[in-house]
Amino acid sequence: MDHLKNIKKRKLTDKSLPNALAQVPEFAQESKMYQSLLEMERKLDWTMTRKRVEVQDALSRSPTTTRTLRVFLSHTVSGQSWQVGDTEGEPVNFETGQGIPAWSFRVEGRLLELPNQRSRDKVVPRKFSTFIKRMVVELDRDPNLYPDGNILEWPRAQGVQPALDGFTIRRTGDQPTRIRVIIHLEQNPEQYKISPELGNVLGIKEESQIGVIQTLWNYIKINGLQDKVDRRRIKADDYLRPIFGADTVVFQQLPELINRYLMPADPVILHYTINPMVPPPERPQAWDIEVKMEDTSLKNRMVMTVQATKDSMQDLSKLDDEIALLTQSLHNAHTKRIFLRSFAEDPSKFIQNWLESQSRDLESVLGNGPSEGATIRAEELRRSDFFRLPWVEEAVAIQEGMRLSSKQ
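Residues numbered from 1 in each chain as written. Predicted model: local features only at pLDDT ≥ 70, side-chain atom pairs only at ≥ 80, totals over all residues. Heavy atoms only, no water.

1. Observations concerning the overall build of the protein
So the rule is basically this: Strands here mean DSSP runs of E at least two residues long; helices mean DSSP runs of H or I at least four residues long; both are numbered from the N terminus. The cut-offs for exposure are 20% and 50% of the maximum accessible area for each residue type, with area from a 1.4 Å probe on protein chains only; residues under the lower value are buried, those over the upper are exposed, and the others partly exposed. For the accessible areas, the method is Shrake-Rupley and the probe is 1.4 Å, while residue cover comes only from the protein chains on display.
Looking only at helices and strands, one finds 12 helices and 13 strands in the protein. Residue burial in the protein is summarised as follows: out of 408 residues, 25% are buried. As displayed, the protein offers around 29300 Å² of accessible surface, 54% of which is attributable to carbon and sulfur atoms.

Below, the structure written as structure tokens:
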């Protein structure tokens, strides 16, 4: 019994109608409609499976998008002559900076929201520092008068560090100062500057490595440079020959060849001037910078689509099981109908055929079991020709040998 309990129940998956039932005139129209639905379901299942694979493949490659990063530059001043007026004899505290002319420079940034974005698609925006790989601030001041750090650098440290919305630089002084802010952006995928030799051929100046390969491949297809016999080989035209350095190259060599013409992307350079002798502007100066980043909104929608598909597949699987059970019920009912109809037409012949069928089935079942001798029918035992069959002599010899060996 324990062995039977451990056997999993066989799951019915066949949803096709029996051919004999489909040919019954009373069910011909309904059977045809059902078969059409099955065919439509197969096509729909194939389409859904293909789309689901496409979405999963896109998720593995992290969808990207281009967004706008707005950078703000501003400053404040303190302790300037126009702020303290004609007050004389004010104590100077070098520890707190009180009474010393100074200014603070602020660099901030935020990601602009997409227009017409649904509220449920909005995600927590990234901090400004997560878009910066490295930032350098250069102060144009006389190092003899102001020797304290006229070049400041913020590199992204390895490991976990808190994300920031901006950076503040504080310095003493009352003279106008020109500032240059150099920002090396962190983009996904990594962007490269294309050398003029390759950029002029492909018509691009800055792109990711994958983007350059795709653009080059489109150029090859448009100009028919793929070898018609060996599709792995690429023929060079007059423009690509200086880049390839040969008349033909193998497709697998393209990434290596392209890397020679990729350079680090140019940083973003912003200029700002601080004049402590006048009040600072009421509004900060702003610059818009395009950045490549992971499309989290699209990725979340795709993940939700895949998850919803899994839930729908479970519901569809339950419905398929119900349809398979109903189809099996129809099959059983059809078999029962044929059984009763044959019995009603000729009871005597039906019972005779049924008994013969049961006898053959019983022999087949017992033939696979331990009591193999019970499969011989009495009619065959009464026939003398039965014992003259070729296998009888061999069987008797084997049986007699086993009997004699058991006595020994």
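2. Notes on helix α9 (residues 296-345)
For an α-helix, 3.6 residues make a turn, and residues three or four places apart therefore share a direction. Heads up, the condition is: The length a helix should cover is 1.5 Å for every residue beyond the first.
An ideal rise of 1.5 Å per residue puts 74 Å on 50 residues; α9 measures up with 72 Å between its terminal C-alpha atoms. Within α9, burial applies to Ser297, Met302, Val306, Thr309, Ala324, Thr327 and His334.

3. Here's the deal with unusual backbone geometry
In this structure, Pro189 follows Asn188 across a cis peptide bond, with omega equal to 0 degrees. When you line up the elements, Pro189 lands in the loop between β6 (177-185) and β7 (191-194).

4. Description of the side chain of Gln191
Going by this rule: A 3.5 Å cut-off defines polar contacts: any pair of N or O atoms within that distance qualifies, except that in protein one atom must be a possible hydrogen donor and the other a possible acceptor, and neighbouring residues in sequence count only when both atoms are side-chain atoms. Note on contacts: a residue pair qualifies if any of its non-hydrogen atoms lie within 4.5 Å across the two residues.
Structurally, Gln191 can be placed in strand β7. Note on Gln191: relative accessible area 5%, which makes it buried. At 3.0 Å, the side chain of Gln191 forms a polar contact with the backbone oxygen of Pro189. In this view, Gln191 contacts Glu206, Glu207, Ser208, Ala265 and Lys292; residues no more than four positions away in its chain are not counted.

5. Regarding the side chain of His75
Structurally, His75 can be placed in strand β1 (residues 64-78). By relative accessible area, His75 is classed as buried at 8%. A polar atom in the side chain of His75 sits 2.7 Å from the side chain of Tyr272.

6. Comments concerning the packing of aromatic side chains
Each pair of aromatic rings is reported with the distance of its centres and the angle of its planes. Where we set the bar: Ring pairs are drawn from Phe, Tyr and Trp, using the six-membered ring of Trp, whenever the two centres fall within 6.5 Å, and their geometry is named by plane angle: stacked under 30 degrees, edge-to-face over 60, tilted for the rest.
What the rule picks out here adds up to 5 aromatic pairs. Summarising the aromatic geometry, the rings of Phe343 and Phe350 are spaced 5.7 Å apart at their centres and angled 75 degrees between planes, so their arrangement reads as edge-to-face. What makes Phe343 partly exposed here is its relative accessible area of 36%. Aromatic rings pair up to connect Phe128, Trp154 and Phe167 into one cluster.

7. A short note on the confidence of the model for the protein
The criterion, for reference: A residue's pLDDT is simply how confident the predictor is in it, with values from 0 to 100.
For the protein, the mean per-residue pLDDT works out to 80, and 82% of the residues sit at or above 70. Within the model, pLDDT remains below 50 along residues 1-10, and this stretch shows 0 contacts once partners closer than five positions in the same chain are excluded.

8. What to know about the sheet that holds strand β12 (residues 268-274)
Applicable threshold: For two strands to pair, DSSP has to find at least two bridges joining them. Lines fitted to the C-alpha atoms define the axes, with helices restricted to the stretch that makes contact. Angles between their N-to-C directions range from 0 to 180 degrees.
The strand order β4-β3-β6-β12 describes an open sheet built from 4 strands, whose pairing is antiparallel. Because the sheet does not close on itself, it has two edges, and the strands there are β4 (151-155) and β12. This sheet shows a mean twist of 15 degrees between the axes of neighbouring strands, independent of strand direction. Here strand β3 (residues 132-140) pairs with β6 via 8 bridges, running antiparallel.

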